[in-house]
Amino acid sequence: MTKIVTITEEFITLGQFLKHIDVITTGGQAKWYLQETVVFVDGEIENRRGRKLYDKTRVEIPEEGIFVVKRESEEVMDEIS
């Protein structure tokens, strides 16, 4: 099952993303995690914690799942406020 990860900024880095989905607990663990774990971004292996993930980016982490980044537009944010 694909999980949607909502962001409010233009992008989120892969390191921030891993922390956001609770795969790691601190940003400092991202480098180690990406060296030890295969992570696919849009179908390609990625190991750079600074990789920018934009709206509709697909991240697959075996053992964790498949995730799609969804940017919440400012218009929707205004309606919620």
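Residues numbered from 1 in each chain as written. Predicted model: local features only at pLDDT ≥ 70, side-chain atom pairs only at ≥ 80, totals over all residues. Heavy atoms only, no water.

- An unreviewed UniProt entry annotates the chain as S4 domain-containing protein YaaA originating from Granulicatella elegans ATCC 700633.

## Concerning helix 2 (residues 29-36)
And then number 1: Ala30, Tyr33 and Leu34 are the residues of helix 2 that are buried. The buried residues of helix 2 occupy an angular sector of 95° when the element is viewed end-on, so they sit on one face. Helix 2 presents Lys31, Trp32, Gln35 and Glu36 as exposed residues on the side facing more than 90 degrees away from its buried surface.
And then number 2: Packed against the buried residues of helix 2 are helix 1 (14-20) and strand 6 (58-61). (Buried < 20%, exposed > 50% of the residue type's maximum accessible area, 1.4 Å probe, protein only. Helix = DSSP H or I, 4+ residues; strand = E, 2+ residues; numbered from the N terminus. Arc of directions from axis to C-beta. Contact = heavy atoms within 4.5 Å.)

## Regarding the pattern of salt bridges
And then number 1: Tallying each qualifying case throughout the model produces 3 salt bridges.
And then number 2: Between Glu46 and Arg51 there is a salt bridge, and its shortest N-O distance comes to 2.7 Å.
And then number 3: With relative accessibility at 24%, the residue Arg51 sits in the partly exposed group.
And then number 4: One salt bridge connects Arg58 with Glu60, and the closest N-O pair in it is separated by 3.5 Å.
And then number 5: The class of Glu60 is partly exposed, set by a relative accessible area of 29%. (Salt bridge = Lys/Arg side-chain N within 4 Å of Asp/Glu carboxyl O.)

## Some thoughts on the sheet that holds strand 6
And then number 1: With mixed pairing, the 5 strands of this open sheet are ordered in space as 1-7-6-3-4. With partners counted over all chains shown, the strands left at the sheet margins are strand 1 (2-7) and strand 4 (44-45), one partner each.
And then number 2: Summarising the sheet, strand 3 (residues 40-41) and strand 4 pair through 2 bridges and their orientation is antiparallel. Residue pairing for strand 4: Phe40 is matched across the bridge by Ile45. (Pairing = 2+ DSSP bridges.)

## Observations concerning the packing of aromatic side chains
And then number 1: This structure, assessed with the given rule, holds 2 aromatic pairs.
And then number 2: With a centroid separation of 5.6 Å and 55° between ring planes, the pair formed by Phe11 and Tyr54 is classed as tilted. Linking Phe11 in strand 2 (residues 11-13) with Tyr54 in strand 5 (residues 52-54), this pair joins segments that are 43 residues apart in sequence.
And then number 3: Each ring, one from Phe17 and one from Phe67, has its centre 5.7 Å from the other, and the planes form 85°; the classification is edge-to-face. You can see Phe17 sitting in helix 1 and its partner Phe67 sitting in strand 7 (residues 65-71), a full 50 residues away along the chain.
And then number 4: Take Phe17: its relative accessible area is 0%, and that puts it in the buried class.
And then number 5: Residue Phe67 is classed as buried on the basis of its relative accessible area, which comes to 6%.
And then number 6: Sitting over the ring of Phe11, Lys52 keeps its end group 4.7 Å from the ring centre. (Phe/Tyr/Trp six-rings, centres within 6.5 Å; stacked < 30°, edge-to-face > 60°. Lys NZ or Arg CZ within 6 Å of the ring centre and 35° of its normal.)

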